[in-house]
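Structural characterization, general
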Amino acid sequence: MAEQESPDRTDDNITLDAADDRWEWRRRIRENPKKLLFYRIGVGVLGGLLLIAAPLTGWLPGPGGIPLFIAGLAVLASEFEWAQRLLYRVKDWVKSLTTWTGKQPGWLKGLGTAALTGCVVVGVWLYLAVLGVPGWLPDSWESFLYKVPLLD
C-alpha cells in the first residue's frame, strides 16, 4: 500500500477537488453541483450536531465532550476549509503539547497525573453529591459511598 501524502497546508484552497478525492462515491458527488450542495448541507448538519452535543455530554461520566468535538470537527473538515484549518491547528497544538510533556522530568509527570486524578475524583464526588448515589450500584459500593461526606 502506497503512502499517501498529507495535504499541502500552504495551499489557499485545501478542499479536495473531484479528481483529487480518494473515494469513488465522493468523487461522483463532487462532479454534480446539485448533489454536492445537498451533501455539504448534510455534512454541515451532522458536524454541527456533533459539536453541539460535545458540551452537552461533557459533564456525563465517560468520554463525552472531547471525542465528540474532535469527531464533529473531523466531519466538518471533510468539506469545509475553515474546519480543516482549525483541525490542523488542533493537531499541531496536541503534537507540540505531547512533545513538551515528553521532555518533562518524571516527578512533574507524576505530579500532573496526581492532579488529574484528584480532579476526576472531586468531579465524581460532586456529581454524586448533586445527583445522589445511583441505586443500580452493587450494595457494597453503595454502603461505601454513603460513608463519604455529603453523599448520605
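Residues numbered from 1 in each chain as written. Predicted model: local features only at pLDDT ≥ 70, side-chain atom pairs only at ≥ 80, totals over all residues. Heavy atoms only, no water.

Another aspect to go through is the overall build of the protein. Check the secondary structure of the protein and you find six helices and zero strands. Element order for the protein, N to C, with α for helix and β for strand: α-α-α-α-α-α. Per-residue burial for the protein yields a buried fraction of 20% across its 152 residues. For the protein, the exposed area adds up to about 11,500 Å²; of that, 68% sits on carbon and sulfur atoms. (Helix = DSSP H or I, 4+ residues; strand = E, 2+ residues; numbered from the N terminus. Buried < 20%, exposed > 50% of the residue type's maximum accessible area, 1.4 Å probe, protein only. Areas by Shrake-Rupley, 256 points an atom, 1.4 Å probe, with all protein chains shown as cover.)

As a further point, take the packing of aromatic side chains. Applying the stated criterion across every chain, the model contains one aromatic pair. With centroids separated by 6.0 Å and ring planes inclined at 75°, the aromatic side chains of Trp25 and Tyr39 adopt a geometry described as edge-to-face. Taken as a pair, Trp25 in helix 1 (residues 24-31) and Tyr39 in helix 2 (residues 33-57) lie far apart in primary sequence, 14 residues in all. By relative accessible area, Trp25 is classed as partly exposed at 43%. (Phe/Tyr/Trp six-rings, centres within 6.5 Å; stacked < 30°, edge-to-face > 60°.)

Within the largest apolar cluster, nine residues are counted, these being Ile29, Tyr39, Val43, Leu73, Leu76, Ala77, Phe80, Ala83 and Leu87. Of all the secondary structure elements, the ones that give two or more residues to this core are helix 2, helix 3 (65-77) and helix 4 (81-102). Considering each element in turn, this core owes the most residues, three residues, to helix 3. Counting six residues, the second-largest nonpolar core is a separate cluster that includes Leu128, Val133, Leu137 and Leu151. (Core = buried A, V, L, I, M, F, W, Y, C linked by side-chain atoms within 4.5 Å.)

Helix length check: helix 2 (25 residues) gives 36 Å between terminal C-alpha atoms against 36 Å at 1.5 Å per residue, within 8%. Of the residues making up helix 2, those classed as buried are Tyr39, Val43, Gly47, Leu50 and Ala54. The backbone nitrogen of Lys34 lies 3.0 Å from a side-chain oxygen of the residue at the head of helix 2, namely Asn32. (Expected span 1.5 Å × (residues − 1). Polar contact = N/O pair within 3.5 Å; in protein donor to acceptor, adjacent residues only side chain to side chain.)

Turning to the environment of Leu60, a few remarks are in order. If you trace the backbone, Leu60 turns up in the loop between helix 2 and helix 3. Using a relative accessible area of 35% as the deciding quantity, one classes Leu60 as partly exposed. When the C-alpha positions of Leu60 and Val124 are compared, they lie 9.7 Å apart, and in sequence the two are 64 residues distant.

The next subject is the packing of helix 2 against helix 3. At a minimum axis separation of 8 Å, helix 2 and helix 3 run at an interaxial angle of 165°. The orientation of helix 2 relative to helix 3 falls into the category roughly antiparallel. The interaxial crossing formed by helix 2 with helix 3 has left-handed handedness. Only Gly65, Leu68, Phe69, Ala71, Gly72, Leu73, Val75 and Leu76 of helix 3 make contact with helix 2, whose side of the interface consists of Val43, Gly44, Leu46, Gly47, Gly48, Leu50, Leu51, Ala53, Ala54 and Thr57. In terms of residue class, the contact of helix 2 with helix 3 is made up of twelve nonpolar, six polar and no charged. (Axes fitted to C-alpha atoms, helices over the stretch in contact; angles between N-to-C directions. Parallel < 35°, antiparallel > 145°, perpendicular 65-115°, else oblique. Left-handed = near helix turned anticlockwise from the far one by under 90°. Contact = heavy atoms within 4.5 Å. Nonpolar A, V, L, I, M, F, W, Y, C, P; charged D, E, K, R; others polar.)

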